[in-house]
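Chain residues, written in single-letter form:
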Amino acid sequence: MVFKVVRVETKPFDGQKPGTSGLRKKVKVFTQPHYLQNFVQSTFNALGADKVRGATLVVSGDGRYFSKDAIQIIIKMSAANGVRRVWVGQTGLLSTPAVSCVVRERVAADGSKATGAFILTASHNPGGPHEDFGIKYNMENGGPAPESVTNKIYENTTTIKEYLTAEGLPDVDISTVAVSSFPGPEGQFDVDVFDSTSDYVKLMKSIFDFQSIQKLLSSPNFSFCFDALHGVAGVYAKRIFVEELGANEGSLLNCVPKEDFGGGHPDPNLTYAKELVAVMGLGKTNTGKEPPEFGAAADGDADRNMVVGKRFFVTPSDSVAIIAANAVESIPYFSGGLKGVARSMPTSAALDVVATHLNLKFFEVPTGWKFFGNLMDAGMCSVCGEESFGTGSDHIREKDGIWAVLAWLSILAYKNKDNLGGGKLVTVEDIVRQHWATYGRHYYTRYDYEGVDASGAKELMAHLVKLQSSLSEVNKIIKGIRSDVPNVVNADEFEYKDPVDGSISKNQGIRYMFEDGSRLVFRLSGTGSEGATIRVYIEQYEKDSSKTGRDSQDALAPLVEVALKLSKMQEFTGRSAPTVIT
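Residues numbered from 1 in each chain as written. Predicted model: local features only at pLDDT ≥ 70, side-chain atom pairs only at ≥ 80, totals over all residues. Heavy atoms only, no water.

Trainee: I'm lost on the environment of valine 2 in this one. Help?
Mentor: As for its placement among the helices and strands, valine 2 is situated in the segment before strand E1 (4-9). Put simply, valine 2 and glutamate 167 are 165 residues apart on the chain and 9.1 Å apart in space, counted from C-alpha to C-alpha. Apart from the residues lying within four places of it in its own chain, the contact partners of valine 2 are Pro183, Gly184 and Pro185. (Helix = DSSP H or I, 4+ residues; strand = E, 2+ residues; numbered from the N terminus. Contact = heavy atoms within 4.5 Å.)

Trainee: Before we go on, may I ask you to explain the sheet that holds strand E4 (residues 85-89) in this structure?
Mentor: Taken together, the seven strands give an open sheet; going across it, the order is E2-E6-E5-E3-E4-E9-E8, and neighbouring strands pair in mixed fashion. With one partner strand each, in any of the chains shown, strand E2 (23-26) and strand E8 (178-184) form the two edges of the open sheet. When the angles between neighbouring strand axes are averaged without regard to direction, this sheet yields 15°. Bridging between E8 and strand E9 (residues 187-194) involves seven bridges; their strand directions are antiparallel. (Pairing = 2+ DSSP bridges. Axes fitted to C-alpha atoms, helices over the stretch in contact; angles between N-to-C directions.)

Trainee: What should I look at first to understand the pairing of strand E3 (residues 56-61) in this one?
Mentor: Each regular strand displays side chains that alternate between the two surfaces of the sheet. With respect to burial, E3 is a largely interior element, six of its six residues being buried. Summarising the sheet, E3 and E4 pair through three bridges and their orientation is parallel. Along E4, the bridge assignment pairs leucine 57 with valine 86. Pairing between E3 and strand E5 (residues 116-120): five bridges, direction parallel. The residue of E5 that forms the bridge with valine 59 is phenylalanine 118. (Buried < 20%, exposed > 50% of the residue type's maximum accessible area, 1.4 Å probe, protein only.)

Trainee: I tried to follow the pattern of salt bridges on my own but got confused; where do I start?
Mentor: Charged atoms that come close allow side chains of opposite charge to pair. Counted according to the given criterion, the structure contains 38 salt bridges. Lysine 310 is paired through a salt bridge with glutamate 293; the nearest N and O atoms lie 3.1 Å apart. In this pair, lysine 310 sits in the loop between strand E13 (305-309) and strand E14 (312-314) while glutamate 293 sits in the loop between helix H10 (274-279) and strand E12 (294-298), placing the two residues 17 residues apart along the sequence. Of the charged contacts in the structure, one is a salt bridge between lysine 399 and glutamate 386, with a shortest N-O distance of 3.5 Å. (Salt bridge = Lys/Arg side-chain N within 4 Å of Asp/Glu carboxyl O.)

Trainee: Sorry if this is basic, but what is going on with the packing of helix H2 (residues 35-47) against helix H4 (residues 67-80) here?
Mentor: Helix-helix packing is characterised by the crossing angle of the two axes and by the distance between the axes. It is at 11 Å that the axes of H2 and H4 come closest, and there the two elements cross at 40°. On the basis of the axis angle, H2 is oblique to H4. As H2 packs across H4, the resulting crossing turns out to be right-handed. Where H2 approaches H4, its residues Leu36, Gln37, Val40, Gln41 and Phe44 are matched on the opposing element by Ala70, Ile73, Ile74, Met77 and Ser78. Taken together, the residues of the contact of H2 with H4 break down into seven nonpolar, three polar and no charged. (Parallel < 35°, antiparallel > 145°, perpendicular 65-115°, else oblique. Left-handed = near helix turned anticlockwise from the far one by under 90°. Nonpolar A, V, L, I, M, F, W, Y, C, P; charged D, E, K, R; others polar.)

Trainee: Help me out: how do you make sense of the side chain of arginine 343 in this one?
Mentor: Inspection of the secondary structure puts arginine 343 in strand E15 (residues 341-344). Look at arginine 343 and you get buried, because its relative accessible area is 3%. Here threonine 347 takes part through its backbone oxygen, which lies 3.1 Å from a polar atom of the side chain of arginine 343. A distance of 3.2 Å separates a polar atom in the side chain of arginine 343 from a polar atom in the side chain of glutamate 364. (Polar contact = N/O pair within 3.5 Å; in protein donor to acceptor, adjacent residues only side chain to side chain.)

Take a look at the structure:
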């Protein structure tokens, strides 16, 4: 039976504008008739027939609720729009970094390579029938579509009148590795279901010294724990940490992917990774057991990571700085040196200090991985990170949670290469404190106010912009709140001119810079599915090594008070406390 291309009449839906990482809404929104189809057709139309006809597309995701249905819908629409073949990870599972790897690295038996990907994920947001779903398009470099493309997609969603689908094309069995071929009006259409881990594992083995990590994991005085929070990372954790590196399977927590992430919130931070926090001795209650030496977690689609030592939390801002400072000696992929480093604007300036010390090119970009991708494609950046638990390198064009864990294990393996037989280990805490002693410490915290009223959030941001017109007035207000906080010397709305393509990104966050190097940053996040999320970033730099051991919340208390009162947080949002503190 040759499938038929049919045109289905439709009408636009409001609000299909992709955020920093695609379109995210509640499942009940996505399951409306025509809703997903409108977005997919708008994407095909934005790419243009020359990029779609004959193309090879990857379609997979983090396995959240509605993913399997969405994959079948996109397969049929791909066939109808002239796509030549679709690659699907087995059971529809591929981590976001693995999708980027597959687009960049995988070559099919006939020599074909992927030209792009639909990734079905809402990242670190909860899943399930009443929770979140998301979709984003990645380009042929494996990175998220640039704003020029996402703006075109959005414009198309506002005017769409019809979409194409394949009638007579049956649902494809995505549970088994196999190629299914179907005759269509323009020739053969293939769906290739492949092993979700093999391409990614091959890439990791080309980056890291698996033998040295294996020695570390098998050492009697080293212990390890990884929590996938029931996300797609579990598939890769079993394959890499257990099968390749010999870790005990008992060191893996929540590594069975679930459509609702086990009812949890798959966000790897101290608030939501409760089980790992307890195991690592960071919780309020004492489990009575000695914590492992090293612990880590990943989010739903495995692009974010949290790294912790025994009773010791590593901030993401410190993590990327420490990886950059140790990469050349610890990770074979970087043995020839780093091309440059970059961080998102709200991330602490810990990486800046490393860049200065090591004489590296340094870039400060808006939030959103696509900005790093441009730098990497131009050969200007090797290691980069965001404070929102995202770290990565130029091996792919997405942040990569498993990569970050392997980077830390590589650093630990290198630092302990002479004492794995039973000597005293150099711990995660030792590495971080030594880093502070060398580079100084950036005390840092983030307050998230999730699901606040959008109009109140906009008023708060407008209030902060208005205040910037008179710094003397700002400093007067600050002195009235806390006399021990230094003066603001500069304040602006962050704007970025891309050094590669010259594009300008405006209104990327409101900054207040103090004379001692401290910063307050306020941003509206684009990763939620409803309401507004206000993020407040509070940072204080301490060069004096005798003062780098303070508790972070104690050290930052004066600046926190200033941030909340200066912004009139409670007045504008009605919130007396943040949803999450990281």
